[in-house]
Amino acid sequence: MDRLLQLEVFSKTAELGSLSKAAEALRMSNAAASRHLSALEERLAVRLIERNTRRLWLTEAGQELLERCGPVLSELAEAEDIVSDRALSPQGTLRVTSSLSFAVIYLAPMLPAFRARYPKLNMQITTANRYPDFIEAGIDVAIRTREQEPDSNIIVRRIGQMRRVLAAAPSYLASHDLPEQPADLARHNMLVYNLANDPYSLRLRKGNGTQTIRLTPTLDSNDGQVIRGAALAGLGILIQPLYIVQSDIAAGHLMPILMDWELPLLTMNVAYQNRAGLPAKIRVFSDFLVTYIREHSEPGIWIDATK
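How each quantity is defined
Residues numbered from 1 in each chain as written. Predicted model: local features only at pLDDT ≥ 70, side-chain atom pairs only at ≥ 80, totals over all residues. Heavy atoms only, no water. Helix = DSSP H or I, 4+ residues; strand = E, 2+ residues; numbered from the N terminus. Buried < 20%, exposed > 50% of the residue type's maximum accessible area, 1.4 Å probe, protein only. Contact = heavy atoms within 4.5 Å. Areas by Shrake-Rupley, 256 points an atom, 1.4 Å probe, with all protein chains shown as cover. Salt bridge = Lys/Arg side-chain N within 4 Å of Asp/Glu carboxyl O. Pairing = 2+ DSSP bridges. Axes fitted to C-alpha atoms, helices over the stretch in contact; angles between N-to-C directions. Core = buried A, V, L, I, M, F, W, Y, C linked by side-chain atoms within 4.5 Å. Domains from an automatic or database assignment.

K.L.:
Looking at this model, I keep getting lost on the overall build of the chain. Mind explaining?
P.N.:
Looking only at helices and strands, one finds 10 helices and 14 strands in the chain. Burial statistics for the chain: of 307 residues in total, 39% are counted as buried. Looking at the chain alone, contacts between residues at least 24 apart form 72% of all its contacts between residues at least 6 apart. Approximately 16,900 Å² of the chain is accessible, and the part contributed by carbon and sulfur atoms is 48%.

K.L.:
What should I look at first to understand the pattern of salt bridges in this one?
P.N.:
Throughout the structure, instances matching the rule amount to 11 salt bridges. A salt bridge links Glu15 to Lys12, with the shortest nitrogen-to-oxygen separation between them at 3.4 Å. With a gap of 3 residues between them, Glu15 and Lys12 both fall in helix α1 (residues 3–16), about one helical turn apart. We classify Lys12 as partly exposed; its relative accessible area is 23%. With a shortest N-O distance of 2.8 Å, Arg205 and Glu262 are connected by a salt bridge. Here Arg205, found in strand β9 (residues 201–206), pairs with Glu262, found in the loop between β13 (255–257) and β14 (266–273); they are 57 residues apart in sequence, far enough to count as distant. The exposure class of Arg205 is partly exposed, given its relative accessible area of 40%. Through salt bridges with shared partners, one network takes in Glu41, Arg47 and Glu50.

K.L.:
Explanation requested: the sheet that holds strand β8 (residues 190–193) in the structure shown.
P.N.:
For sheets, the rule is that strands pair by backbone hydrogen bonds, running either parallel or antiparallel. An order of β11-β8-β12-β7-β13 is seen for the 5 strands of this open sheet, with the pairing classed as mixed. Each edge of the sheet is formed by a strand with only one pairing partner; in this case those strands are β11 (219–221) and β13. Within the sheet, the average angular offset between the axes of one strand and its neighbour, ignoring direction, is 35 degrees. In this structure, strand β7 (residues 164–168) lies alongside β13, joined through 3 bridges in antiparallel fashion. By the bridge assignment for β13, Ala167 is matched with Pro256. The strands touched by helix α8 (residues 224–232) are β8, β11 and β12 (237–241); relative to β8, the strand with the most contacts, the crossing angle is about 165 degrees. Along the sheet, helix α9 (residues 242–250) makes contact with β7, β12 and β13, crossing β12 at roughly 120 degrees.

K.L.:
Explain the nonpolar core to me, please; I cannot follow it from the model alone.
P.N.:
Nonpolar side chains in soluble globular proteins tend to end up buried together. The biggest cluster of nonpolar side chains holds 40 residues, and the ones touching the most others in it are Phe102, Ile143, Ile159, Phe285 and Leu289. For this core, the element with the highest residue contribution is helix α10 (residues 280–296), accounting for 8 residues. In this structure, this core is formed jointly by two domains, domain 2 (85–160 + 267–299) and domain 3 (164–264), each of which donates at least three residues. If sequence neighbours within four positions are ignored, Leu289 has contacts with Phe102, Leu107, Met110, Ile143, Ile159 and Val270. Residues Leu173, Met190, Val192 and Ile239 belong to the second largest nonpolar core, which totals 17 residues.

Okay, structure coming up:
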């Protein structure tokens, strides 16, 4: 028989002064409660409770056991209540990593509404364009652009696919010929994100035709905001996800180029460790993020944000 359950029957019987009342409180039959109590006394080789037809009382050994096991059972019950409460109302700290651009454009603006819904849950956001190890970095959730993880213990939940764009500042285009064909890009200052897949090879598609252009960048960087800043300053033509430069294009600070040609789509995912029981804080954050992106992104940025 379960040792913990035996102690619970004993403690509840002592508390209520009745074996039948203890059985009712623990939702078991009187016979089952009696078996648990007898098994405990047999295992300890000592009488814990004396009883007659009118009442029951603890023996000296029973009193000592109650004093020792009572606090333990109370702490266990409190721990279960805390864990259960966290499942319904997540709390603690959620550690998230993403690129700087994604954190600024999506995560930071989302936090007030997220915090209002889950006020006991604090956030720690680490911006990084490389992919840190979950365990070594203490990460709960990572926002990533790679479609598969080398570690089979990592779960990938797809947010959606987003468009990428070629764009340059009006000041740059005023002093350089506007590219009309992909091959024209070879004569321009190209600003390249060097952590992209095959960053120095640009593949464009138009209808059934595809062209691949090799790039010799004027600037390459491991951060999209550096690329964006250089483009806004008039250094050259950037290649970036549309969500990073959408507001700049809308304001006229950047002009899209070769819009009749399509760049490969970029897949964005939420990644987290595979666990027997997914922590509620990870589940609610992932659900909230997907909904926020769908409801707050400008039309045309995402092809198929998860519904």
